[in-house]
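Structural features, examined
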Amino acid sequence: MKKAIFGGTFDPLHIGHINIAFEALYLLHLDEVIFVPTGNPPHKKHITSNYHRVNMIKGTIDKYDKLSLSTYEVEKKDKSYTYETLEYFKNSEKDVEWYFIVGEDCLLDIEKWKNPDKVLGYATLVVFKRTDKNNDKLKEYKEIIEKKYDTNIILLNNKVIDISSTFIRKSINQNHEVSFLLPSFVMEYIKKFKLYEKGDTLILKEKIKSLLKDTLNTDRYNHTMRVVDEAKKLAVLYGVDEEKAEIAALTHDCAKNMSYNELREICEKGNIIFTEDDFNSKPIWHAYAAAVIAKEKFNINDEEIINAVKYHTTGRKNMTLLEKIIYLADYIEPGRTFEKIQEVRTLAYDKDIDEAMIKAINNTIEFLMSKRSIIHKSTIEARNYLIINTK
Ligand code: FE
Ligand code: FE
């Protein structure tokens, strides 16, 4: 029996992958090609969940007898090194002659992998071309590696279908037609679950981050990143859209290092009419200005995000969960070390968000009083509303 392992993120599976699987199957007279999608460790946010990637493969290859799927890597809790995966397959079916299908870039990188000797020892490397340009280079490198590791490498003379998952994700995001590049099951699946449409939030997040790097000092930038982490954690805990929380947190202090004159100007241009309290509370101007920048510069038109940014300093009555999350994330991020924070942190993570809000606002009011600062009406209204509506 001859079987090949075909690893990858398959995010999403496309006709290029299917093509390679069949090319390998026929050219090498294999009995089976096993798709082994890589796992998705929780901190790697840019990969679609294991669940969806696995379903797309399953639904597509179901009709092909010689293609199969293994969830070995996705079910593994920690990162799976390739040599471990190959070892697993090798041990599970000892009489099988194993092949391992990789793209040409992997051959060139093989020595950077963990235990390349084991990788090359457990299976015969089958390298498929991504273009027709590198043939000589690949041949040369194949010989070097073969000699060095006393192994046999197969350069697959496949026809090149020059598409990538990245291209497909981008195209879907731009609303371009890609149905001709995807197995019909995958296409329907992507539509059904609206996968990859969030790609623009990815671009948006990058855009915000690059503006932050240009305009915030290091301390403020680092603070912002800690608020992002905190907001995402709270979002998961309270069942709020993590993306929204991330975008609001990224944006909340984007105007923090501007002068009061600049802030006033931005607010005026953004048609924010200052109340008397607003005039007398300069430290809150950056929040209003950030809300304007969010709308005008980042084209964010989600009112909930805008309001979470706008009221992150004062709070207001009847706040949404997202608003509370941003307010609290800003307050309890790990860089804040004042004494009374721990209590708020504990309440927030004990799923008592309103009590956490009340404590946080109480502390803020006490602090403002000690500084002889005015207390913004919105803050008082936020507190009163919480007290009245929390048992
Ligand atoms: Fe702020
Ligand atoms: Fe902040």
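Description of the structure in this document. (Residues numbered from 1 in each chain as written. Chains lettered and ligands numbered in written order. Predicted model: local features only at pLDDT ≥ 70, side-chain atom pairs only at ≥ 80, totals over all residues. Heavy atoms only, no water.)

1. Description of helix 13 (residues 260-269)
Turning to helix 13, its buried residues number three or more, namely L263, I266 and C267. Each buried residue of helix 13 sits inside an arc of 100 degrees when the element is viewed along its axis, so together they form one side. Exposed side of helix 13, more than 90 degrees from the buried face: N261 and K269 are the residues found there. In the core, the buried residues of helix 13 are packed alongside helix 15 (285-296). At the C-terminal side of helix 13, N271 shows a positive phi close to 60 degrees. (Buried < 20%, exposed > 50% of the residue type's maximum accessible area, 1.4 Å probe, protein only. Helix = DSSP H or I, 4+ residues; strand = E, 2+ residues; numbered from the N terminus. Arc of directions from axis to C-beta. Contact = heavy atoms within 4.5 Å.)

2. Here we look at the pairing of strand 4 (residues 97-103)
The buried fraction of strand 4 is high, at six of seven residues. Pairing analysis gives five bridges linking strand 1 (residues 2-8) to strand 4, with the strands arranged parallel. Counted as the bridge partner of K3 is W98 from strand 4. (Pairing = 2+ DSSP bridges.)

3. Considering the sheet that holds strand 4
Reading across the sheet, the six strands line up as 3-2-1-4-5-6 and stay open at both edges, with parallel pairing between neighbours. Where the open sheet ends on each side, the last strands, each with one partner, are strand 3 (67-69) and strand 6 (153-156). Neighbour-to-neighbour, the strand axes of the sheet open up by a mean angle of 25 degrees, direction not taken into account. Here strand 1 runs beside strand 2 (residues 32-37); their pairing, made up of six bridges, is parallel. (Axes fitted to C-alpha atoms, helices over the stretch in contact; angles between N-to-C directions.)

4. A closer look at the coordination of the iron ion (ligand 1)
By definition of the ideal shapes, a tetrahedral metal site with four donors has angles of 109.5 degrees and an octahedral site with six donors has angles of 90 or 180 degrees. Within the first shell, the iron ion (ligand 1) binds the protein through D253 (OD), H286 (NE2) and H312 (NE2), at distances of 2.1 to 2.2 Å. A separation of 3.3 Å is found between the iron ion (ligand 1) and the iron ion (ligand 2), which are bridged by D253. With D253 in the loop between helix 12 (242-251) and helix 13 and H312 in the loop between helix 16 (303-310) and helix 17 (321-332), the pair connects residues that are 59 residues apart, well separated along the chain. There is no split in this pair, since D253 and H312 are both buried. (Donors = N, O, S within 2.8 Å, 3.2 Å for Na, K, Ca; no water.)

5. A closer look at the coordination of the iron ion (ligand 2)
Within the protein, the iron ion (ligand 2) binds to H223 (NE2), H252 (NE2), D253 (OD) and D330 (OD); these donor distances fall in the range 2.1 to 2.4 Å. Coordination at the iron ion (ligand 2) comes from four donor atoms whose angles at the metal span 79 to 169 degrees, giving a geometry best classed as irregular. Sequence spacing of the donors to the iron ion (ligand 2): H-x28-H-D-x76-D. (Tetrahedral: all angles 85-135°; square planar, octahedral: opposite > 155°, others 65-115°.)

6. Observations concerning helix 19 (residues 353-370)
Three- or four-residue spacings in an α-helix give side chains the same orientation, since the helix completes a turn every 3.6 residues. Taking 1.5 Å per residue as the helical rise, helix 19 with its 18 residues ought to reach 26 Å, and the 26 Å between its terminal C-alpha atoms agrees with that figure. Against the buried residues of helix 19 lie helix 11 (218-238), helix 17, helix 18 (341-349) and helix 20 (377-389). Remark: R372 follows helix 19 within two positions and exhibits a positive phi of approximately 60 degrees. (Expected span 1.5 Å × (residues − 1).)

7. Observations concerning the layout of surface pockets
Any space left empty among the atoms is revealed by the rolling of a water-sized probe across them. Put simply, the second largest pocket is a space of about 840 Å³. Around the second largest pocket sit 29 residues that line it, and P283, T313, T364, F367 and L368 are the ones nearest its centre. Looking at the lining of the second largest pocket, the elements with two or more residues in it are helix 11, helix 17 and helix 19. Among the elements that line the lining of the second largest pocket, the one with the most residues is helix 19, at five residues. For the lining of the second largest pocket, a count of residues per class yields eight nonpolar, 12 polar and nine charged. (1 Å grid on protein atoms, 1.4 Å probe; cavity = no way out; pocket = protein on both sides within 12 Å on 5 of 7 lines; lining within 4 Å. Points joined across faces, edges and corners; volume = space filled by probe spheres on them. Nonpolar A, V, L, I, M, F, W, Y, C, P; charged D, E, K, R; others polar.)

8. So, the side chain of N363
Summarising the element assignment, N363 is placed in helix 19. The class of N363 is buried, set by a relative accessible area of 11%. Separated by 3.0 Å, the side chains of N363 and Y331 make a polar contact. If we skip the residues at most four places from it in the chain, N363 touches Y331, K340 and V344. (Polar contact = N/O pair within 3.5 Å; in protein donor to acceptor, adjacent residues only side chain to side chain.)

9. Considerations on the pattern of salt bridges
The tally for this structure, following the rule as stated, stands at 24 salt bridges. In this structure, the salt-bridge partner of E23 is K159, at a minimum N-O distance of 3.8 Å. One end of the pair, E23, is in helix 1 (residues 15-27); the other, K159, is in the loop between strand 6 and helix 8 (165-173), with 136 residues separating them in the sequence. With relative accessibility at 14%, the residue E23 sits in the buried group. Judged by relative accessible area, K159 falls into the exposed class, the value being 51%. Note that E246 and K205 form a salt bridge whose closest N and O atoms lie 3.1 Å from each other. Linking E246 in helix 12 with K205 in helix 10 (residues 199-215), this pair joins segments that are 41 residues apart in sequence. K205 shares its class with E246; the two are buried. Three or more residues joined by partner-sharing salt bridges are found here, namely K205, K232, E243 and E246. (Salt bridge = Lys/Arg side-chain N within 4 Å of Asp/Glu carboxyl O.)

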